[in-house]
Amino acid sequence: MSDTKQRLLDGAMETLRKQGIAGVSARNIAGQAGVNQALVFYHFGSVDDLLVAACTAATGERVAAYRERFATVGSLRELLDVGRALHEEERDLGNVAVLAQMLAGAQHDEKLARVTAETLGMWTAEIESVLRRVLAGSPFAEMADVPGLAAAISASFVGLELYEGVDRPGAERAMAALEQLGALLEVVEELGPVARRALRSKINKAAARRS
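Rules used in this analysis
- Residues numbered from 1 in each chain as written.
- Predicted model: local features only at pLDDT ≥ 70, side-chain atom pairs only at ≥ 80, totals over all residues.
- Heavy atoms only, no water.
- Helix = DSSP H or I, 4+ residues; strand = E, 2+ residues; numbered from the N terminus.
- Buried < 20%, exposed > 50% of the residue type's maximum accessible area, 1.4 Å probe, protein only.
- Phe/Tyr/Trp six-rings, centres within 6.5 Å; stacked < 30°, edge-to-face > 60°.
- Lys NZ or Arg CZ within 6 Å of the ring centre and 35° of its normal.
- Salt bridge = Lys/Arg side-chain N within 4 Å of Asp/Glu carboxyl O.
- Polar contact = N/O pair within 3.5 Å; in protein donor to acceptor, adjacent residues only side chain to side chain.
- Contact = heavy atoms within 4.5 Å.
- Axes fitted to C-alpha atoms, helices over the stretch in contact; angles between N-to-C directions.
- Parallel < 35°, antiparallel > 145°, perpendicular 65-115°, else oblique.
- Left-handed = near helix turned anticlockwise from the far one by under 90°.
- Nonpolar A, V, L, I, M, F, W, Y, C, P; charged D, E, K, R; others polar.

**Q** Quick question: what am I supposed to make of the side chain of R62 here?
**A** Tracing the chain through its elements places R62 in helix α4 (residues 47-71). For R62, a relative accessible area of 17% translates into the label buried.

See the structure below:
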């Protein structure tokens, strides 16, 4: 990738962080990148296409940066610990603000909605991989909708990131509640075989009633 294209990608993300979705324009991005605004259209065709490329590339880099940490997760509680660390790091980097702006813009822009869904899907795919590994052999494995659970956890973290901006203590309590759920699942895993069979039977009956 050329240096100019990379500068434009970085400039688009920095414009989002500093000026929000309303401030995204060829002039502002080019000014942030230190290049002529005509280069936005030369390299990407449109401001929207540049924004799509920038968000996709930035999310791919952040997911890759956390992949090794996800690979070491051995329980739901450890997954939530990684999620907390990820959230704090993303907040400090300004990426939580970027996500908030993308979600706001996506409400009225189909292209932004697609790319926002795709970038969130990158995180969800990583979470799903972890869940499949840590739930293997668990009493919950037989009834768990793992893709749905991964999406729920991903959505929870997105909601907490936005919630924290207006009520940080409330967001902390919500995170603590999720961690308590992780601890509860660990307790279940430590039950003896008789108790585990009884729990599995109750779970299966509950699943059958819902179906």
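**Q** Explain the packing of aromatic side chains to me, please; I cannot follow it from the model alone.
**A** Both the distance between ring centres and the angle between the ring planes are used here to describe each pair of aromatic rings. Applying the stated criterion to the full structure yields two aromatic pairs. Aromatic side chains Y66 and W123 sit 6.2 Å apart centroid to centroid with 70° between the ring planes, which places their arrangement in the edge-to-face category. In this pair, Y66 is assigned in helix α4 and W123 in helix α7 (residues 110-134), connecting sequence segments 57 residues apart. The ring of F44 has K5 sitting right over it, with the charged end atom 5.5 Å from the ring centre. Here R69 stacks its cationic end above the ring of Y66, 4.2 Å away from the centre of that ring.

**Q** I'm lost on the pattern of salt bridges in this one. Help?
**A** Two side chains carrying opposite charge are able to pair once their charged atoms lie near each other. Within the structure shown, the criterion is met by 11 salt bridges. We note a salt bridge from R17 to E14, for which the minimum N-O separation is 3.0 Å. Linking R17 with E14, this pair stays in helix α1 (residues 3-19), spanning three residues, or about one helical turn. When its relative accessible area of 29% is taken as the criterion, R17 is described as partly exposed. Accessibility expressed as a relative area gives 23% for E14, which makes it partly exposed. Salt-bridge contacts for E110 lead to R114; the nearest nitrogen and oxygen are separated by 3.4 Å. Taken together, the positions of E110 and R114, both in helix α7 and four residues apart, correspond to about one turn of that helix. We classify R114 as partly exposed; its relative accessible area is 43%. Shared partners join several salt bridges into a network, and the residues in it are R62, R69, E89 and E90.

**Q** Looking at this model, I keep getting lost on the side chain of S154. Mind explaining?
**A** Topologically, S154 is positioned in helix α8 (residues 146-164). Within polar-contact distance, the side chain of S154 engages the side chain of T124 at 3.1 Å. In this structure, S154 is in contact with L120, T124 and I127, ignoring residues within four places of it in sequence.

**Q** Help me out: how do you make sense of the packing of α1 against helix α2 (residues 26-33) in this one?
**A** Working note: a packed helix pair is described by the angle between its axes plus the distance between those axes. For the pair α1 and α2, interaxial distance at closest approach is 8 Å and the crossing angle is 110°. By the criterion of interaxial angle, the relationship of α1 to α2 is roughly perpendicular. For the element pair α1 and α2, the recorded crossing hand is right-handed. The residues of α2 that touch α1, namely those facing R7, L8, G11, A12, E14, T15, K18 and Q19, are N28, I29, Q32 and A33. Residue classes in the contact of α1 with α2 are distributed as four nonpolar, five polar and three charged.

**Q** Is there a simple way to think about the packing of α4 against helix α5 (residues 76-93) in this case?
**A** Two numbers describe how α4 lies on α5: the axes approach to 11 Å, and their chain directions differ by 150°. The angle between α4 and α5 places the two elements in the roughly antiparallel class. You can see that α4 and α5 cross each other, and the crossing is right-handed. Across from R62, Y66, R69 and F70 in α4, the residues of α5 making contact are L79, V82, A85, L86, E89, E90 and L93. Tallied by class, the residues present in the contact of α4 with α5 amount to seven nonpolar, no polar and four charged.

Keep in mind that these numbers describe shape and distance, not what the molecule does.
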